[in-house]
Amino acid sequence: MKNSIFTVLAALVLYPAGAQPVTPQDRRRAAELVERMTLDEKIGQLVQQRGGGAVTGPDKTELSVERLVREGRCGSVFNIKSFEETERLQRIAVEESRLGIPLLIGADVIHGFRTTYPISLAQACSWNPALVKQAAEVAAQEARMSGVEWTFSPMIDVARDGRWGRVSEGYGEDPYANAVYGVAAVEGYQGDNLAACLKHFVGYGASEAGRDYVYTEISRQTLWDTYMPPYQAGIEAGAATVMSCFNDISGTPGTANPYILTEVLKERWAHDGFVVSDWAAIEQLRSQGVAADRKEAAEKAFNAGVEMDMMNRCYDAHLAALVREGKVSQEKLDEAVRRVLRLKFRLGLFERPYTPESEETDRFLLPASLAVAERLAEESMVLLKNEGGVLPIDLGRAKTIAVVGENAIKMMTVGGGSSSLKVRHEYTPLEGIRAAAAGKAEVIYERGYVGDVTGDYNGVKTGQDLSESRSEAQLIADAAAAARKADAVIFVGGLNKSNHQDCEGDDRLQYGLPYAQDKVIGALAEANPNLAVVIVSGNAVAMP
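Residues numbered from 1 in each chain as written. Predicted model: local features only at pLDDT ≥ 70, side-chain atom pairs only at ≥ 80, totals over all residues. Heavy atoms only, no water.

Tallying secondary structure elements over the protein gives 19 helices and 16 strands in all. The contacts of the protein with a sequence gap of at least 6 include a subset with a gap of at least 24, amounting to 79%. Accessible surface for the protein amounts to roughly 22800 Å². Of this, 51% is attributable to carbon and sulfur atoms. (Helix = DSSP H or I, 4+ residues; strand = E, 2+ residues; numbered from the N terminus. Contact = heavy atoms within 4.5 Å. Areas by Shrake-Rupley, 256 points an atom, 1.4 Å probe, with all protein chains shown as cover.)

Within the secondary structure, Q49 sits in strand β1 (residues 47-50). It is 9.0 Å that separates the C-alpha atoms of Q49 and N312, two residues lying 263 residues apart in sequence.

The next thing to look at is the packing of helix α9 (residues 220-227) against helix α11 (residues 258-268). Here α9 crosses α11 at 50 degrees, and the two axes come no closer than 14 Å. By the criterion of interaxial angle, the relationship of α9 to α11 is oblique. Judged by the twist between their axes, the crossing of α9 over α11 is right-handed. Residue-level contacts link R220, L223 and W224 of α9 to Y259, V264 and R268 of α11. Its residues assigned to classes, the contact of α9 with α11 comprises 4 nonpolar, no polar and 2 charged. (Axes fitted to C-alpha atoms, helices over the stretch in contact; angles between N-to-C directions. Parallel < 35°, antiparallel > 145°, perpendicular 65-115°, else oblique. Left-handed = near helix turned anticlockwise from the far one by under 90°. Nonpolar A, V, L, I, M, F, W, Y, C, P; charged D, E, K, R; others polar.)

Now for the pattern of salt bridges. Once their charged atoms are close, side chains differing in charge can pair, the charge on each being opposite to the other. Enumeration according to the criterion identifies 39 salt bridges in this entry. With its nearest N and O atoms 3.2 Å apart, the salt bridge here joins E504 to R166. One end of the pair, E504, is in the loop between β15 (488-494) and α19 (517-527); the other, R166, is in the loop between β6 (150-151) and α8 (175-191), with 338 residues separating them in the sequence. Residues E283 and R294 are paired through a salt bridge, measuring 3.1 Å at the closest nitrogen-oxygen approach. Separated by 11 residues along the polypeptide, E283 in the loop between β11 (274-276) and α12 (294-304) and R294 in helix α12 bring together distant segments of the chain. (Salt bridge = Lys/Arg side-chain N within 4 Å of Asp/Glu carboxyl O.)

Further remarks concern the confidence of the model for the protein. Looking at the protein, the pLDDT average stands at 90 and 89% of residues meet or exceed 70. Here residues 1-20 scores under 50 on pLDDT; set against residues more than four positions off or in separate chains, the count is 34 contacts. Taken as a whole, residues 54-62 scores under 50 in pLDDT and shows 14 contacts with residues more than four places along the chain or in a different chain. (pLDDT = per-residue confidence, 0-100.)

Let us look at the environment of D452. Looking at where D452 falls in the secondary structure, it is placed in the loop between β14 (442-446) and α18 (472-485). Here D452 falls in the buried class, since its relative accessible area comes to 3%. For the pair D452 and S467, spaced 15 residues apart in the sequence, the C-alpha separation amounts to 8.2 Å. (Buried < 20%, exposed > 50% of the residue type's maximum accessible area, 1.4 Å probe, protein only.)

Counting 93 residues, the largest nonpolar core has L46, W150, F201, V202, Y315, L319 and L341 as its most contacted members. Not counting residues within four places of it along the chain, the set of residues in contact with F201 comprises M228, Y231, V242, M243, S244, C245, I260, L261, L265 and W269. Among the nonpolar cores identified, the runner-up in size contains 18 residues, and I444, A479, A486 and F491 belong to it. (Core = buried A, V, L, I, M, F, W, Y, C linked by side-chain atoms within 4.5 Å.)

Mapped onto the fold, D362 is located in helix α15 (residues 360-363). Judged by relative accessible area, which is 12%, D362 ranks as buried. For the pair D362 and M145, spaced 217 residues apart in the sequence, the C-alpha separation amounts to 9.3 Å.

Before going further, it helps to examine helix α13 (residues 315-324). Of all the positions in α13, only Y315, L319, A320, L322 and V323 are classed as buried. Buried residues along α13 cover an arc of 165 degrees about the axis, so they all sit on one side. At its buried positions, α13 is contacted by α3 (39-44), β1, α12, β12 (309-310) and α14 (330-346). Just downstream of α13, G326 is the residue with a positive phi angle, here 80 degrees. (Arc of directions from axis to C-beta.)

Further remarks concern the sheet that holds strand β8 (residues 241-244). Here 3 strands make up an open sheet; going across it, the order is β7-β8-β11 and the pairing parallel. For this open sheet the edge positions go to β7 (197-201) and β11, each flanked by a neighbour on one side alone. Recorded for the sheet is a direction-independent mean angle of 30 degrees between the axes of neighbouring strands. Sheet topology places β7 next to β8; 3 bridges connect them, and they run parallel. Pairing of L198 across the sheet is with V242, part of β8. Here helix α10 (residues 229-236) sits on the sheet in contact with β7 and β8, set at roughly 155 degrees to β7. (Pairing = 2+ DSSP bridges.)

Right, let's talk about the side chain of E142 for a bit. Here E142 shows up in helix α7 (residues 129-144). Side-chain polar atoms of E142 contact the backbone nitrogen of R114, separated by 2.8 Å. In this structure the side chain of E142 is engaged in a polar contact, spanning 2.5 Å, whose partner is the side chain of T115. Setting aside chain neighbours within four positions, we find E142 in contact with F113, R114, T115, R363, F364 and L365. (Polar contact = N/O pair within 3.5 Å; in protein donor to acceptor, adjacent residues only side chain to side chain.)

It is worth spelling out unusual backbone geometry at this point. Residue V202 follows F201 across a cis peptide bond; omega there is 0 degrees. Following L391, the chain continues into P392 via a peptide bond in cis, with omega recorded as -5 degrees. With respect to the helices and strands, P392 occurs in the loop between α16 (367-380) and β13 (400-404). Of note in this structure, N79 is not a glycine but carries a positive phi near 55 degrees. Tracing the backbone through its elements, the reader meets N79 in the loop between β4 (76-78) and α5 (83-96).

Turning our attention to the packing of α7 against α16. In contact at an axis separation of 10 Å, α7 and α16 are set at 140 degrees when each is read in the N-to-C sense. Here α7 runs over α16; the crossing is left-handed. Contacts between α7 and α16 involve L131, V132, Q134, A135, V138 and Q141 from the former and S369, V372, R375, L376 and E379 from the latter.

Judged by pairing direction, the sheet is parallel, and its 4 strands sit side by side in the order β14-β13-β15-β16 without closing on themselves. Each edge of the open sheet is held by one strand with a lone partner, namely β14 and β16 (531-536). Each strand axis lies, on average, 20 degrees off the axis of its neighbour in the sheet, ignoring direction. In this structure, β13 lies alongside β15, joined through 4 bridges in parallel fashion.

Set out below in structure tokens:
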């Protein structure tokens, strides 16, 4: 307990009220350090690697992340799997590299670190920015006590096509709502000394036909009226970093777009942090038709205003040659490095590079943290209608409750894409209903439909066996039979976070409920009018 108390007390407030984002002392120290660095060391500060992996060098030999850190050729590492590995790499950077510059450790802390919160879209449904800020504060506390200093959150992409898989990660279709909740998240994270990252700058949610990573056609008017306001609000709130987008914007990729990255972000808005590319977004400039190879991609991204290269192998492989050839100016390189170093100074990493050890029980799932999670979950639920007073179910009268639907038993808090989570235990809706009705009503269950037989999501193994031998007609008939036996029926369906639905890189072709769920709901309503329909979904669904 002593270590955890020390960590909390020792943490600096990243952007205290009324303070400037970067102090004159931070600027001076960063400038002095840049003067002592070699070209390779400067470029190293602009390179981010994934923890636990290896990269292939120019001579085709494999270079471990550990070696790159030791040689001063890596400034940031992300998604490290353990506290011990985080501390080991940080000690190599501080104690074994020439200049002892600490790493900036990043992670996808999206809707919780270990204490799990509703997805961002659900958080917006709470209409409670103060509570969202509290959730971000808890996530920051858990992350910082685990050695993480930087989160790739909040996502504030305005999204208006429900077929897009990443709708779930943002705060919805309204620019103002995204701005309000984005500011709440930034203040929550950074108040606990976890650097925030606004993503994906900008227009990512306008992808054509709701398809991820593709073209967007955005007029200058729409860009400023719809997509820019949340980012401007986040910058004014002091967001430390910004992530470039995968998409192009009316023909110019966001990762090679000097208008948004330099003219707007750095010059008009005076952002003094830095821009990191999304995963392999610099390399993607080749497939977007604006770069012939990785070297040209590095040139265009860097000169447009992307300071840090996330998993592209473009800056570390080609930036030195571009500087020597005069295609990237030494002055611009030095300023990029100063931006990264200023954040490291601002976070106090040079004074306190290591995280005190603490027991997991002192870091995670604290009673106050769980109370915030429970309250946010309660406030994020949306009741669309309650015709006939079906809800709440009176357990004094309802002696048999039929629960139908695969989502009543499917484990889904594993997250996915950029928001994978590791929860201690997940209570399915069926488990929760049985616990609430224990000793008062019998709860019977029927699956009703089959959507996912693997029980896995985005590579996360849940260990569930969801195999099924019954036909669609038999499943529906069995569900209807259960409904006729019951005093009340609860259908739990929606999307299931797999099979190309509501997650990164997986988009839908249509809005309707999949797996013949409409047929199931119709059969249940015919069998028993005391029916409550619960939709679990990361984005919009259309229902008859």
